[in-house]
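# Chains, contacts and geometry: an overview
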Amino acid sequence: MLLTLPVLLGAAVPSPQQAPPLEIHASHAWFRYLLSSVPAGGYMTLINSGDTTTRLVKASSPACGALMLHQSVNHGGAATMEMVKSVTIPAHGSVGFAEGGYHLMCMEPRMKPGDKVGVTLGFDDGATLMLLVPVYGPAGPPGTSSGGP
Ligand SMILES: [Cu+2]
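### Quick look at the coordination of the copper ion
- Looking at the copper ion, the protein donor atoms are His 70 (ND1), Met 81 (SD), His 103 (NE2) and Met 105 (SD), and they sit 2.0 to 2.3 Å from it.
- Along the chain, the residues that donate to the copper ion are spaced as H-x10-M-x21-H-x1-M. In this pair, His 70 is assigned in strand 4 (residues 66-75) and His 103 in strand 8 (residues 102-107), connecting sequence segments 33 residues apart. Across the pair, His 103 and His 70 agree in class, each one buried.

### Here we look at the environment of Phe 31
- Its location among the elements puts Phe 31 in strand 1 (residues 24-32).
- Under the relative-accessibility criterion, Phe 31 is labelled buried at 1%.
- Put simply, Phe 31 and Lys 116 are 85 residues apart on the chain and 9.1 Å apart in space, counted from C-alpha to C-alpha.
- The contact partners of Phe 31, leaving out residues within four places of it in the chain, are Ala 40, Gly 41, Gly 42, Leu 67, Cys 106, Met 111, Val 117, Val 119, Val 133, Pro 134, Val 135 and Tyr 136.

### Notes on unusual backbone geometry
- Residues other than glycine seldom take positive phi values, yet His 28 does so here, at roughly 55°.
- With respect to the helices, strands and loops of the structure, His 28 is situated in strand 1.
- Overall, His 28 belongs to the exposed group, its relative accessible area being 69%.
- We note that Glu 108 has phi near 50°; this positive angle belongs to a residue other than glycine.
- Judged by its relative accessible area of 55%, Glu 108 falls in the exposed class.

### Considerations on the environment of Ser 60
- Structurally, Ser 60 can be placed in strand 3 (residues 54-60).
- For the pair formed by Ser 60 and Leu 104, sequence separation is 44 residues and the distance between their alpha carbons is 9.6 Å.
- Among residues more than four places away in sequence, those in contact with Ser 60 are Leu 67, Gly 118, Val 119 and Thr 120.

### Structural notes on the pattern of salt bridges
- Scanning the model with the defined rule gives three salt bridges in all.
- Ionic pairing is found between Arg 32 and Glu 99, a salt bridge with its closest N-O pair at 2.7 Å. Within this pair, whereas Arg 32 is found in strand 1, its partner Glu 99 is found in the loop between strand 7 (93-97) and strand 8, the two being separated by 67 residues in sequence.
- A salt bridge links Asp 124 to Arg 55; the nearest nitrogen and oxygen atoms lie 3.1 Å apart. Taken together, the positions of Asp 124 in the loop between strand 9 (116-123) and strand 10 (128-136) and Arg 55 in strand 3 put the pair 69 residues apart, joining distant regions of the chain.
- What makes Asp 124 partly exposed here is its relative accessible area of 38%.

### Some points on the packing of aromatic side chains
- All told, the structure shown has three aromatic pairs when counted by the stated rule.
- For the ring pair Trp 30 and Tyr 43, a centre distance of 5.0 Å and an interplane angle of 45° mean the geometry is tilted. In this pair, Trp 30 sits in strand 1 while Tyr 43 sits in strand 2 (residues 40-48), placing the two residues 13 residues apart along the sequence.
- Three or more aromatic residues joined by ring pairs form one cluster here, namely Trp 30, Tyr 43 and Tyr 136.

### Some points on the pairing of strand 10
- Bridge count for strand 1 against strand 10 is two bridges, and the pairing is parallel. Each bridged residue has a counterpart across the sheet, and for Arg 32 the counterpart in strand 10 is Tyr 136.
- One ladder, built from seven bridges, connects strand 9 with strand 10; its direction is antiparallel. Its bridge partner being in strand 10, Val 119 is matched across the sheet by Leu 131.

Reading the values: the criteria
Residues numbered from 1 in each chain as written. Predicted model: local features only at pLDDT ≥ 70, side-chain atom pairs only at ≥ 80, totals over all residues. Heavy atoms only, no water. Donors = N, O, S within 2.8 Å, 3.2 Å for Na, K, Ca; no water. Helix = DSSP H or I, 4+ residues; strand = E, 2+ residues; numbered from the N terminus. Buried < 20%, exposed > 50% of the residue type's maximum accessible area, 1.4 Å probe, protein only. Contact = heavy atoms within 4.5 Å. Salt bridge = Lys/Arg side-chain N within 4 Å of Asp/Glu carboxyl O. Phe/Tyr/Trp six-rings, centres within 6.5 Å; stacked < 30°, edge-to-face > 60°. Pairing = 2+ DSSP bridges.

Bear in mind that shape data such as this cannot, by itself, settle questions of function.
Here it is as structure tokens:
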């Protein structure tokens, strides 16, 4: 559950001249590609090694018509997915993007298994993280089909 708190502008730190050092990194990122007519799900773990909680607020890729932040949700037994405005990554914490939870949704994917596609993640402090994300077919990465750690 997220609560929206009033933003105290007076307490904001001065705008840095460039994006602050990135303390976010991604591990085990991959796309599941099915067909060009079906959105491709993007999965990863985002790790925040910094002292500041941050939020992922956008994603883009030249290999996608649009790259959205999604969350799978269960409304009274019906599984659907919704767009989310942001995903919070706690200080010294991590967030998993996996089936059944948060994921990236690549609309109109232009990729194929074996490709590596560029993805840019944008955070609420203005920082960006560029990834090269491998593409797998329906079975996913080798050795992870059992659910993995
Ligand atoms: Cu989705």
